[in-house]
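Next come the chains, spelled out residue by residue.
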Amino acid sequence: QNLLAEKVEQLMEWSSRRSVIRMNGDKFRRFVKAPPRNYSVMVMFTALQPQRQCSVCRQANEEYQVLANSWRYSSAFSNKLFFTIVDYDEGADVFQQLNMNSAPTFMHFPPKGKPKRADTFDLQRIGFAAEQLAKWIADRTDVHIRVFRPPNYSGTIALALLVSLVGGLLYLRRNNLEFIYNKTGWAMAALCVVFAMTSGQMWNHIRGPPYAHKNPQNGQVSYIHGSSQAQFVAESHIILLLNAAITMGMVLLNEAATSKGDVGKRRIICLVGLGLVVFFFSFLLSIFRSKYHGYPY
């Protein structure tokens with residue numbers, strides 16, 4: 001009982017200084033792995049040192065800090081849950097002990113017993129948004145954390161600048177507003193929205209996936225997720241560009257068929273459009289096949 005009280009007291013002292021407690025190998029084994037323990041511990045295994053070049057780790061760490069701060073400064077804060085972090089360069093022995101070969105990884109260590117499979121957060125499928133982490137923690141510990149984010153006025157400022165720009169443009173062109181009825185301009189704007197939505201931007205906004213994934217073992221960076229149930233932000237950008245290139249090819253084919261210009265010029269436009277459609281649609285289809293293994297068509 002005295003040992004347990006000392007451990008809890010020490011963790012509470014560290015939490016009062018910083019919402020996320022940094023752990024090395026010795027601290028991890030003493031406060032997280034070794035009994036007695038009557039508290040849950042959330043551990044983020046990561047690699048934040050600049051030489052590791054893990055951009056996903058930094059993004060996930062920001063969300064983890066938001067969640068830990070929300071818990072630390074909430075009225076429900078108690079000694080039943082602690083947030084900790086183990087960096088590879090400070091606790092490589094912990095990574096080896098747990099046979100962990102990727103980062104970032106979130107794990108829950110329950111008050112009694114060893115972590116089960118569900119105690120490892122499915123980051124690739126769910127993403128690392130603080131709200132998703134909070135929901136997962138509630139399922140594992142019955143501790144409900146309301147996420148409070150620091151105010152971010154960048155969206156409001158951007159909207160105000162956009163409204164000012166549009167208003168200024170309309171004022172300057174107040175004597176000639178024919179451009180408002182420009183079909184090509186509206187078509188381009190509509191296509192931009194379509195490309196953004198069909199590439200998965202809304203999914204990114206909801207799930208908060210990483211931009212890409214870098215394997216810490218060999219340093220290989222993956223921009224396309226191997227599962228049909230998830231994607232990276234970079235993947236949506238690639239799909240957006242492919243869709244735009246295919247659409248451009250279709251527009252050129254239509255232009256070649258309907259215009260009344262020089263035959264030679266129309267033939268060149270037709271070949272360029274056909275090349276865009278064939279090449280980039282083949283690329284798009286190869287990505288589809290790599291994600292939807294065994295798809296029958």
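Calculation criteria
Residues numbered from 1 in each chain as written. Predicted model: local features only at pLDDT ≥ 70, side-chain atom pairs only at ≥ 80, totals over all residues. Heavy atoms only, no water. Helix = DSSP H or I, 4+ residues; strand = E, 2+ residues; numbered from the N terminus. Rg over C-alpha atoms; globule rule 2.2 N^0.38 Å. Buried < 20%, exposed > 50% of the residue type's maximum accessible area, 1.4 Å probe, protein only. Contact = heavy atoms within 4.5 Å. Areas by Shrake-Rupley, 256 points an atom, 1.4 Å probe, with all protein chains shown as cover. Arc of directions from axis to C-beta. Axes fitted to C-alpha atoms, helices over the stretch in contact; angles between N-to-C directions. Parallel < 35°, antiparallel > 145°, perpendicular 65-115°, else oblique. Left-handed = near helix turned anticlockwise from the far one by under 90°. Patch = residues over 30% accessible without salt bridge, like charges linked within 9 Å, V, L, I, M, F, W, Y side chains within 5 Å. Salt bridge = Lys/Arg side-chain N within 4 Å of Asp/Glu carboxyl O.

## Focus: the overall build of the protein
Here comes step 1: When helices and strands are counted, the protein shows eleven helices and six strands.
Here comes step 2: The C-alpha atoms of the protein give a radius of gyration of 26 Å, which is well past the 19 Å a tight globule of 297 residues would have.
Here comes step 3: The C-alpha extent of the protein, read off along each of the three principal axes, is 90 × 50 × 35 Å.
Here comes step 4: Counting over 297 residues, the protein shows a buried share of 34%.
Here comes step 5: For the protein, restricting intrachain contacts to residue pairs at least 6 apart in sequence, the fraction spanning at least 24 positions comes to 68%.
Here comes step 6: As presented, the protein carries roughly 18400 Å² of accessible surface, and 59% of it is formed by carbon and sulfur atoms.

## Things to note about helix α2 (residues 25-33)
Here comes step 1: All of the buried residues along α2 are G25, F28, F31 and V32. Buried residues along α2 cover an arc of 155 degrees about the axis, so they all sit on one side.
Here comes step 2: In the core, the buried residues of α2 are packed alongside α1 (2-17), β2 (40-46), β3 (81-87), α4 (92-97) and β4 (105-109).

## Considering the pairing of β4
Here comes step 1: Judged by how many residues are buried, β4 sits mostly within the fold: five of five residues are covered.
Here comes step 2: Residues of β4 alternate between two faces, with T105, M107 and F109 on one and F106 and H108 on the opposite face, all of them buried.

## Comments concerning the packing of helix α8 (residues 183-198) against helix α10 (residues 233-258)
In a pair of packed helices, the angle between the axes and the distance between the axes together describe the arrangement.
Here comes step 1: Contact pair α8 / α10: the axes reach a minimum separation of 9 Å and the direction vectors enclose 135 degrees. As far as their axial angle goes, α10 and α8 are oblique. Where α8 crosses over α10, the two elements pack in a sense that is right-handed. For the pair α8 and α10, the contacting residues are L191, F195, A196 and T198 in the first and L240, N243, A244 and T247 in the second.

## A few points about the environment of F121
Here comes step 1: Within the secondary structure, F121 is located in the loop between β4 and α5 (123-126).
Here comes step 2: In this structure F121 comes out as buried when scored by relative accessible area, which is 5%.
Here comes step 3: Counting along the chain gives 77 residues from F121 to M44, while the straight-line C-alpha distance between them is 10.0 Å.
Here comes step 4: If we skip the residues at most four places from it in the chain, F121 touches F106, I126, G127, F128, Q132, L133 and W136.

## Observations regarding a nonpolar patch on the surface
Here comes step 1: A cluster of nonpolar side chains, namely L159, L162, V163, V166, L169, L170, L177, F179, I180, Y181 and W186, defines an oily patch on the protein surface of about 1100 Å² accessible area.
Here comes step 2: If one sorts the elements of the nonpolar patch by residue count, helix α7 (residues 154-172) sits on top with six residues.

## Brief notes about the pattern of salt bridges
Oppositely charged side chains may form a pair once their charged atoms are brought near each other.
Here comes step 1: Under the criterion given, the structure shown has ten salt bridges.
Here comes step 2: Salt-bridge contacts for R17 lead to E13; the nearest nitrogen and oxygen are separated by 2.6 Å. Taken together, the residues R17 and E13, both in helix α1 and four residues apart, mark about one turn of the helix.
Here comes step 3: A relative accessible area of 61% means that R17 is categorised as exposed.
Here comes step 4: Note that D93 is salt-bridged to R29, the shortest N-O span being 2.9 Å. Placement of D93 in helix α4 and of R29 in helix α2 is noted, with a sequence separation of 64 residues between them.
Here comes step 5: On the basis of relative accessibility, which here comes to 30%, the residue R29 falls in the partly exposed class.

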